[in-house]
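# Inside the fold
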Amino acid sequence: MEKNFYNIVGQKIKDSKYCIIFTGAGISVESGIPPFRGKDGIWNKYDPEFLYIDNYLNNPFSCWKVIKEIFYDYFSNIKPNKAHIVIGNLYKKGFVKTVITQNIDNLHQEGGCENVIEFHGNLNKFICLKCNKTFNIENISIEEKPPFCNYCKFPLKPDIIFFGEAIKEDAIKKSIDEINKADLLIIIGTSGEVAPANNLPFIAKRNNCFIVEINIVESIFTKTIVDIFLKEKASIAMEKIELEVT
Ligand code: APR
């Protein structure tokens, strides 16, 4: 039975005209990054208040301490896992056109995919909230608490979407444009609890897109819009799918 599902998904990928992958924190769990929700979730250990934009603006020093601890110290030596690498391979072979990710860890790029829409930004970039100048992480010192803008001495923030911040127009537009082209959407490792990212799979479904989901438990998508649910860890499922495609 299981072999059939992977075989069907492999065939769907080979036959698809525009396959898109939509990912969440679950795809990076096997790289050592905890998810946000669920039993080992980051939000079980840390109060998300440090990631609210108003709080950051009012208390950059105390917020930065937690942000650095979680997103820079803890994430510092993470590597792409098999799931990221298989997606990179399928991208290079032309089977996958785009990855839309909610993740901020840069692992899809490091896994070989060159067309990644980062719905919530990227930890390797910083932005000054006063003059809007952006900086790459290698050009600033994150040891400062928090890093300051070289030009206006205002605190920098990681160029990721904080709670209370709007998603960048560009990310939304590009994601919807891509989703509207998809005839196959593979959802990997997301609870689907966060809007507006969680609207994207529903837009795909309205376009009669075939939807595959890979997760270790059901999400809000599973019983509503998913056509094939592969209850498996991302790296194992993607390894099996790669065998069916190539
Ligand atoms: N393989 C596949 N899925 C997994 C694995 C794994 N090895 N481990 C966990 N998962 C699944 C969980 O079952 C869960 O459904 O990954 C999902 C992670 O869900 P969340 O922690 O809610 O992460 P995500 O959906 O990406 O959250 C969206 O919330 O806090 C914000 O900005 C943050 O981008 C994040 C957004």
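The structure contained in this document is the topic of the report that follows. (Residues numbered from 1 in each chain as written. Predicted model: local features only at pLDDT ≥ 70, side-chain atom pairs only at ≥ 80, totals over all residues. Heavy atoms only, no water.)

## A word on the site of the ligand
By nearness alone, 22 residues border the ligand, and Phe36, Arg37, Thr190, Ser191 and Asn215 come closest of all. Between a nitrogen atom of the ligand and a main-chain N or O atom of Ala234, the distance comes to 2.9 Å. Summarising the interface, the protein chains cover 92% of the accessible area of the ligand, which totals 730 Å² for the free molecule. Broken down by class, the residue content of the shell around the ligand amounts to 10 nonpolar, nine polar and three charged. (Near = heavy atom within 4 Å. Polar contact = N/O pair within 3.5 Å; in protein donor to acceptor, adjacent residues only side chain to side chain. Areas by Shrake-Rupley, 256 points an atom, 1.4 Å probe, with all protein chains shown as cover. Nonpolar A, V, L, I, M, F, W, Y, C, P; charged D, E, K, R; others polar.)

## Things to note about the pattern of salt bridges
Two side chains of opposite charge can pair, provided their charged atoms sit close to one another. Within this structure, the stated rule accounts for 14 salt bridges. Residues Lys82 and Glu242 are paired through a salt bridge, measuring 3.9 Å at the closest nitrogen-oxygen approach. Here Glu242 lies in helix 9 (residues 234-245) and Lys82 lies in helix 5 (residues 82-92), a separation of 160 residues in the sequence. A network of salt bridges, in which partner residues are shared, links Lys68, Asp73 and Glu143. (Salt bridge = Lys/Arg side-chain N within 4 Å of Asp/Glu carboxyl O. Helix = DSSP H or I, 4+ residues; strand = E, 2+ residues; numbered from the N terminus.)

## Details of the pairing of strand 4 (residues 121-128)
By the criterion of burial, strand 4 is predominantly enclosed, with six of the eight residues buried. As defined by bridge partners, strand 4 adjoins strand 6 (residues 156-160) across four bridges and the pair is classed as antiparallel. Note on strand 6: the bridge partner recorded for Cys128 is Leu156. Relative to strand 5 (residues 134-136), strand 4 runs antiparallel, the two being bridged by three bridges. Each residue of the ladder has a partner; that of Ile127, found in strand 5, is Thr134. Counting the residues between successive antiparallel strands, the hairpin from strand 4 to strand 5 contains five residues, one of them, Asn132, with a positive phi of roughly 65 degrees. (Buried < 20%, exposed > 50% of the residue type's maximum accessible area, 1.4 Å probe, protein only. Pairing = 2+ DSSP bridges.)

## Some remarks on unusual backbone geometry
The step from Ala195 to Pro196 runs through a cis peptide bond, and the omega angle for that step is 0 degrees. When you line up the elements, Pro196 lands in the loop between strand 7 (184-188) and helix 8 (200-206). Notably, Asn132 is not glycine yet its phi reads approximately 65 degrees, a positive angle. Along the chain, Asn132 falls in the loop between strand 4 and strand 5. Even without a glycine there, the phi angle at Lys153 is positive, about 60 degrees. Checked against the element boundaries, Lys153 lands in the loop between strand 5 and strand 6.

## So, the side chain of Thr190
In this structure, Thr190 sits in the loop between strand 7 and helix 8. The exposure class of Thr190 is buried, given its relative accessible area of 6%. Among the polar contacts listed, one links the side chain of Thr190 to the side chain of Gln102, at a separation of 2.9 Å. Look past the residues within four positions of Thr190 in its chain and what remains in contact with it is Phe22, Gly24, Gln102, Glu213, Asn215, Ser219 and Phe221. (Contact = heavy atoms within 4.5 Å.)

## Regarding the sheet that holds strand 6
Pairing is antiparallel across the open sheet formed by three strands, whose spatial order is 5-4-6. Each edge of the open sheet is held by one strand with a lone partner, namely strand 5 and strand 6. Direction aside, the axes of adjacent strands within the sheet are offset by 40 degrees on average. In this fold helix 4 (residues 60-74) packs onto strand 4 and strand 6, with an angle of close to 150 degrees to the strand it touches most, strand 4. (Axes fitted to C-alpha atoms, helices over the stretch in contact; angles between N-to-C directions.)

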